[in-house]
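Summary of the model geometry
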Amino acid sequence: VPQYKQLLTTKAVEIVHYDNCDMAKEMLDNSNFDPEEIAYLTAYLQDPEAKMTVVFDKYGAGNPDGILIYRHLATTALFAEFSDIKIASYIRENTSGKIVLFSAYYTRKHSKVDELEQLLLTEALAKCLSEDYTYAIFSPKLGEISRSFIDVLKRQGFVRYRDTLDMRYIFLVDMKNPITFSH
């Protein structure tokens, strides 16, 4: 092996998209998650339209390394979701087409999957784009968003909505005209 060159290694990663809430709940119940984590994630799966993208490390005994829960959000439901007329109006004025709301996420602290948060968000966004969503909102009602996940959101083009007194994080991105750089 030449000196100063790294060997490439592959990792066995599986991405699963759950469109069925019952199957998603069953997967969570069969994981070795803490009951509080299961309750937190399951609460977001109560909506019949909820979907879930999961990243598994194939060598991780079938336990998920990353989970992102999302659902369709109609423009008529914006005020009900955020309880703030300024936020609802801002989103209505700046979007056209289908809106997806990312409402909960989980990432394993010591995952062996490199760039887990980036992979999780990219896979979920790709799924949403394939379903004709053109606007995305990342806004968990509970819990903090890790600094590394905020960095991933910013790299994906999300901007933080700051014109609110609420402590809830709200990140927005318009996906109608994605920008790509080629070299």
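Residues numbered from 1 in each chain as written. Predicted model: local features only at pLDDT ≥ 70, side-chain atom pairs only at ≥ 80, totals over all residues. Heavy atoms only, no water.

1. As for the sheet that holds strand β2 (residues 51-57)
Read across the sheet, seven strands follow the order β1-β2-β3-β4-β5-β7-β6 without closing on themselves; strand pairing throughout is mixed. Edge positions in the sheet fall to β1 (13-18) and β6 (159-160), since each has one partner strand and no second. As paired strands, β2 and strand β3 (residues 64-72) are joined by six bridges and run antiparallel to one another. Directly across from K51, in β3, lies its bridge partner Y70. Where helix α5 (residues 116-130) meets the sheet, it contacts β1, β2, β3, β4 (98-107) and β5 (133-138), and its direction lies at approximately 30° from that of β3. (Pairing = 2+ DSSP bridges. Helix = DSSP H or I, 4+ residues; strand = E, 2+ residues; numbered from the N terminus. Contact = heavy atoms within 4.5 Å. Axes fitted to C-alpha atoms, helices over the stretch in contact; angles between N-to-C directions.)

2. Observations regarding helix α2 (residues 35-44)
Along α2, the residues classified as buried are I38, L41, T42 and Y44. Considered in projection along α2, the buried side chains sweep an arc of 150° and stay on one side of the axis. Turned more than 90 degrees from where α2 packs its buried face, P35 and E36 sit exposed. Looking at the packing, one finds that the buried side of α2 touches α1 (21-29), β3 and β4. (Buried < 20%, exposed > 50% of the residue type's maximum accessible area, 1.4 Å probe, protein only. Arc of directions from axis to C-beta.)

Purely geometric stuff here, so don't read any function into it on its own.
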